[in-house]
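Below, each chain spelled out in residue letters.
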Amino acid sequence: MARSEFDNSQAARTRAARWSGRRSLAAVPLSLALVGPFLAVVGGLLVLLLAASPVLGQSAKGQMAAYIDQNATDYGQLAQDIWDLAEVGYMEHESSEMLQTALRDEGFEIASGVAGMPTGFVASWGGGGPVVGILAEFDALPGINQSRSPERDPIPGKIAGHACGHHLFGAGSVAAAIAVKHWLEASGQQGTIRLYGTPAEEGGAGKVYMVRAGLIDDVDVMLHWHAGSSNNASATSSLANKSAMFRFYGQSSHAAGAPWRGRSALDGVEAMNDMVNMLREHALPASRIHYVITSGGSAPNVVPDFAEVYYYVRHPDSEEARALFDRVVKTAEGAAIGTETRMEFEVIHGIYALLPNEALARAMHANLTEVGGVEYNEEERRFAEMIQSTFEGDIPPIQSAREIEPFYVQEVGSGGSTDVGDVSWVVPTAGLNTATWVPGTSAHSWQAVAAGGTDIGTKGMINAAKVLAYTAHDLFTQPGLVEAVQQEFAERRGPDYEYEPLLGDRDPPLDYRASVVGGNR
């Protein structure tokens, strides 16, 4: 992709209007709308008859798959428009509006700006129970960008990129919700499908504020998915994570002429980092602590009177993550005393480890197996080969993109963190990954940005939309499944559990990415 494909902001603003002006995605509702009125009535009756029989489930799923396939180009373009925008957490105004427009055009009721988040929204259709929720994300990562080329090609002037595939996450979840809506409407099946537009997953914990506000309290089951380099719907956990900005304030002076008059805020940051690095030896093995200095002064000959460091503290157990974070705070307090500076910290986010649900995950795995993996054409294969030529170490075969990984249960989390964790402790939750990236691709890499901007990403997204729609269908039509899922949820959580957010009572940090877009903290 040429670098000129990076649109300026004015061009990007036309996207929401373009979506609103497109033919309605309801133009082919379950492949019945293009036939005459008589055939539409007959088709609707057929759906009702099929719904009365066990075989029927597959027929209804086939109708949802047909709808998603027939509109794959539109949903793919929606995802790519969001890829172009690459808006960071709590600033995803155009991305959020495009997703809302697609849902509004299909008759969903939209609540915008929920839980104190201007880009958060909830879209609902239907009535009564069960209530099945689907999560959608759409924020990009700062500090990394790439064109759609399989060779390293950053786009000048672009401050962020979709290195975690949230453009696909958002558009794919919308596609699934609308497909389910069409089936509910045509079949007369009772129930509510609800999509949660959740901003700022990357460090902003948007879902936590929705949970805290009670927006998911009436949901029976929640579904989600994520971009990946393989296809998997196992019952897994993640790492709990608590983060904060630690800010040190000192006294400026000339670094050569009168250094004794100064008190270096950067010394405070470095002393804290030294103590945290010694603390690692005495933390539990599964703990993870990482930091980046976000401000350290501007000139070597000026003793900096302000410095800031951004910390993540993780552990598979949420309470252990909380306790370890408190120990990190003590190192900051000690560093301030030792350097005669002043320290304050701001909790940016706190998120729980995922609570697995095997019953729900097995249902989702069965649907993923039915949908299958991603098949490359020759052009996509050549792209994948070029991407893999940039990898080191063991590289999975390209054909693994079409394979479904075996199901497993992972009780103890590892790897990354997600604010879906908090959702999973309030509502039974399960998710999947599909091969939206070339096998072997790491999340948060330029290779993920590149593949997510191509048909490889769209193909994986379309598969995920089908799996979400199929699983929602199972939940609407199989009360026993919902009962089993909720029973397991209650057993895993325990009878006396009370949810308490790790981030406390703070408001959403709407400016936590301000420095990325030129703001000052």
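In the block above lies the structure referred to throughout.
All of the points below concern the structure found in this document. Owing to the predicted nature of the structure, the values given are computational and were not obtained by experimental measurement. (Residues numbered from 1 in each chain as written. Predicted model: local features only at pLDDT ≥ 70, side-chain atom pairs only at ≥ 80, totals over all residues. Heavy atoms only, no water.)

## Quick word on the packing of helix α11 (residues 358-371) against helix α16 (residues 479-493)
Part 1 of the argument: Taken N-terminus to C-terminus, the directions of α11 and α16 make an angle of 140°; their axes are 7 Å apart at the nearest point. Between α11 and α16, the angle is such that the two are oblique. When α11 is examined against α16, the residues Glu-358, Ala-359, Leu-360 and Ala-363 are found in contact with a partner set consisting of Leu-481, Ala-484, Val-485, Glu-488 and Arg-492.
Part 2 of the argument: Residues of the contact of α11 with α16, tallied by class, amount to six nonpolar, no polar and three charged. (Axes fitted to C-alpha atoms, helices over the stretch in contact; angles between N-to-C directions. Helix = DSSP H or I, 4+ residues; strand = E, 2+ residues; numbered from the N terminus. Parallel < 35°, antiparallel > 145°, perpendicular 65-115°, else oblique. Contact = heavy atoms within 4.5 Å. Nonpolar A, V, L, I, M, F, W, Y, C, P; charged D, E, K, R; others polar.)

## Here's the deal with the side chain of Thr-454
Part 1 of the argument: Tracing the backbone shows Thr-454 in the loop between α14 (446-452) and α15 (455-477).
Part 2 of the argument: A relative accessible area of 15% means that Thr-454 is categorised as buried.
Part 3 of the argument: A distance of 3.2 Å separates a polar side-chain atom of Thr-454 from the backbone nitrogen of Ile-456. (Buried < 20%, exposed > 50% of the residue type's maximum accessible area, 1.4 Å probe, protein only. Polar contact = N/O pair within 3.5 Å; in protein donor to acceptor, adjacent residues only side chain to side chain.)

## What about the nonpolar core?
Generally speaking, soluble globular proteins have nonpolar side chains that are buried together.
Part 1 of the argument: Of all hydrophobic cores here, the largest spans 112 residues; its most connected members are Ile-193, Phe-246, Phe-248 and Met-272.
Part 2 of the argument: With near-sequence residues (within four places) excluded, Met-272 lies in contact with Phe-246, Phe-248, Val-309, Tyr-311, Val-328, Thr-331, Ala-332 and Ala-335.
Part 3 of the argument: Grouped together as the second largest cluster of nonpolar side chains are 24 residues, Trp-83, Leu-141, Ile-398 and Val-438 included. (Core = buried A, V, L, I, M, F, W, Y, C linked by side-chain atoms within 4.5 Å.)

## Let's talk about the pattern of salt bridges
Part 1 of the argument: Evaluation of the coordinates by the stated rule reveals 19 salt bridges.
Part 2 of the argument: The salt bridge involving Lys-61 is made with Asp-474; its shortest N-O contact spans 2.9 Å. Here Lys-61, found in helix α4 (residues 56-70), pairs with Asp-474, found in helix α15; they are 413 residues apart in sequence, far enough to count as distant. Asp-474 shares its class with Lys-61; the two are buried.
Part 3 of the argument: For Glu-488, the salt bridge goes to Arg-492, with nearest N and O atoms at 2.8 Å. Separated by four residues within a single helix, Glu-488 and Arg-492 lie in helix α16, roughly one turn from each other.
Part 4 of the argument: Given a relative accessible area of 25%, Arg-492 falls into the partly exposed group.
Part 5 of the argument: Overlapping salt bridges, with partners in common, bring together Arg-247, Glu-308, Glu-346 and Arg-506 in one network. (Salt bridge = Lys/Arg side-chain N within 4 Å of Asp/Glu carboxyl O.)

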